[in-house]
Amino acid sequence: TIAHELMHSVMQYTMTDGMSGRNGASKFPEWFSEGTAQLAGGGFPTNWNAELERIAGQLTSANDTSKDKEIEAYLKKYTVSNRPYGHGYLASAYLGYLADGSGAVTGQSIASGMDKIFAELTADSKNGIFNAIGKHTSIKSQAQINGLFSNPPQAFTEFVRKLAFASKDGAGSVIAPDLKTGGSSIIGNQVIAHIHPK
């Protein structure tokens, strides 16, 4: 919760126009604001993706495709609009993954890609969120985001499978040392030390 709300605070401070919709900027959609905050707090500990976590628990490896149909059915079950904390997290994580371009489903790669998108939004919020996203990914519209869930392409299903498997028994937080880190270890002593030096 602390990590999630701190992410909102950072975004409000650095991307004020997009977060508030002021000064002629388009306000970020809820799925993006909440989904990116979930990247910090984690997309699994709050039970928004509990069903996906259950499916991932049945996989033998990240490359086990035996549950892909179940994953697809789960993705189709909700939208980013009615599930901003769950599906919004998955969409935001995928954008970070695509923007990074490394092909690695790790917290570090997702965070690296999101850094690129955030840098665009911080520098220029007037041109809208999809201008920033489109500079680093092939996704340029809300319709494309919606399509990831209404008709999941295999690449997205594979990403979600690998993300869920990597986050098993953990939080899926990109600020933690590893996606499988969970509980009180998400923020970690090092960050706390910077906030409250001894």
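Quick note: structure is the one above.
Below you will find a few notes about this structure. It should be emphasised that the depicted structure is a prediction, and the values quoted were computed from it without experimental measurement.

When helices and strands are tallied, the protein shows eleven helices and zero strands. Tracing the protein from N to C terminus, the helices and strands come up as α-α-α-α-α-α-α-α-α-α-α. A compact globule built from 198 residues should have a C-alpha radius of gyration of about 16 Å, and the protein, at 16 Å, falls within 12% of that. Overall, the C-alpha framework of the protein stretches about 50 × 50 × 30 Å when taken along its three principal axes.

One can find Asp68 in helix α5 (residues 68-77). Residue classification places Asp68 among the buried residues on the basis of a relative accessible area of 7%. In this structure Asp68 touches Gln154, Thr157 and Arg161, once residues within four positions along its chain are discounted.

The next subject is helix α7 (residues 107-123). The end-to-end C-alpha distance of α7 is 24 Å, a good match for the 24 Å that 17 residues give at a rise of 1.5 Å each. Every buried residue of α7 is accounted for by Gly107, Ser109, Ile110, Ala111, Gly113, Met114, Ile117, Phe118 and Leu121. The secondary structure elements touched by the buried residues of α7 are α1 (2-14), α3 (30-41), α6 (87-100), α8 (129-134) and α10 (154-166).

We now examine the nonpolar core. Counting residues in hydrophobic clusters, the biggest one holds 51 residues, and the most contacted among them are Phe32, Leu90, Ile110, Ile145, Phe159 and Leu163. In terms of residues, this core owes the most to one element, α6, which gives eight residues. Excluding anything up to four places from it in sequence, Phe32 contacts Met11, Ser92, Met114, Ile117, Phe118, Leu121 and Ile129.

All right, on to the side chain of Glu72 then. Looking at where Glu72 falls in the secondary structure, it is placed in helix α5. For Glu72, a relative accessible area of 15% corresponds to the buried category. Residues contacting Glu72, with those up to four places away along its chain left out, are Pro152, Gln154 and Thr157.

Let us look at the packing of α3 against α6. For the pair α3 and α6, interaxial distance at closest approach is 7 Å and the crossing angle is 75°. In terms of their interaxial angle, α3 and α6 are classed as roughly perpendicular. Two secondary-structure elements touch here, α3 through Trp31, Phe32, Gly35, Thr36, Gln38 and Leu39 and α6 through Gly88, Tyr89, Ala91, Ser92, Ala93 and Leu95. Counted by class, the contact of α3 with α6 contains seven nonpolar, five polar and no charged residues.

Attention now goes to unusual backbone geometry. Positive phi is not limited to glycine here, since Asn23 has a value of about 55°. Mapped onto the fold, Asn23 is located in the loop between α2 (16-20) and α3. Non-glycine residue Asn47 carries a positive phi angle of around 75°. Locating Asn47 in the fold gives a position in the loop between α3 and α4 (50-56). For Asn47, a relative accessible area of 54% gives the class exposed.

Next up on the list: α5. Among the residues of α5, those classed as buried are Asp68, Ile71, Glu72, Tyr74 and Leu75. One face of α5 carries all of its buried residues, which in axial projection span an arc of 160°. Among the structural elements, α4, α6, α9 (142-150) and α10 are those in contact with the buried residues of α5.

Bringing the pattern of salt bridges into the picture now. Overall, the coordinates contain nine salt bridges when judged by the stated rule. Asp178 is the partner of Lys180 in a salt bridge, and the nearest nitrogen-oxygen pair spans 3.4 Å. Classification of Asp178 by relative accessible area gives partly exposed; the value is 33%. If you follow the salt bridges from partner to partner, you end up with Arg54, Lys67 and Glu70 in one network.

Rules behind the numbers
- Residues numbered from 1 in each chain as written.
- Predicted model: local features only at pLDDT ≥ 70, side-chain atom pairs only at ≥ 80, totals over all residues.
- Heavy atoms only, no water.
- Helix = DSSP H or I, 4+ residues; strand = E, 2+ residues; numbered from the N terminus.
- Rg over C-alpha atoms; globule rule 2.2 N^0.38 Å.
- Buried < 20%, exposed > 50% of the residue type's maximum accessible area, 1.4 Å probe, protein only.
- Contact = heavy atoms within 4.5 Å.
- Expected span 1.5 Å × (residues − 1).
- Core = buried A, V, L, I, M, F, W, Y, C linked by side-chain atoms within 4.5 Å.
- Axes fitted to C-alpha atoms, helices over the stretch in contact; angles between N-to-C directions.
- Parallel < 35°, antiparallel > 145°, perpendicular 65-115°, else oblique.
- Nonpolar A, V, L, I, M, F, W, Y, C, P; charged D, E, K, R; others polar.
- Arc of directions from axis to C-beta.
- Salt bridge = Lys/Arg side-chain N within 4 Å of Asp/Glu carboxyl O.

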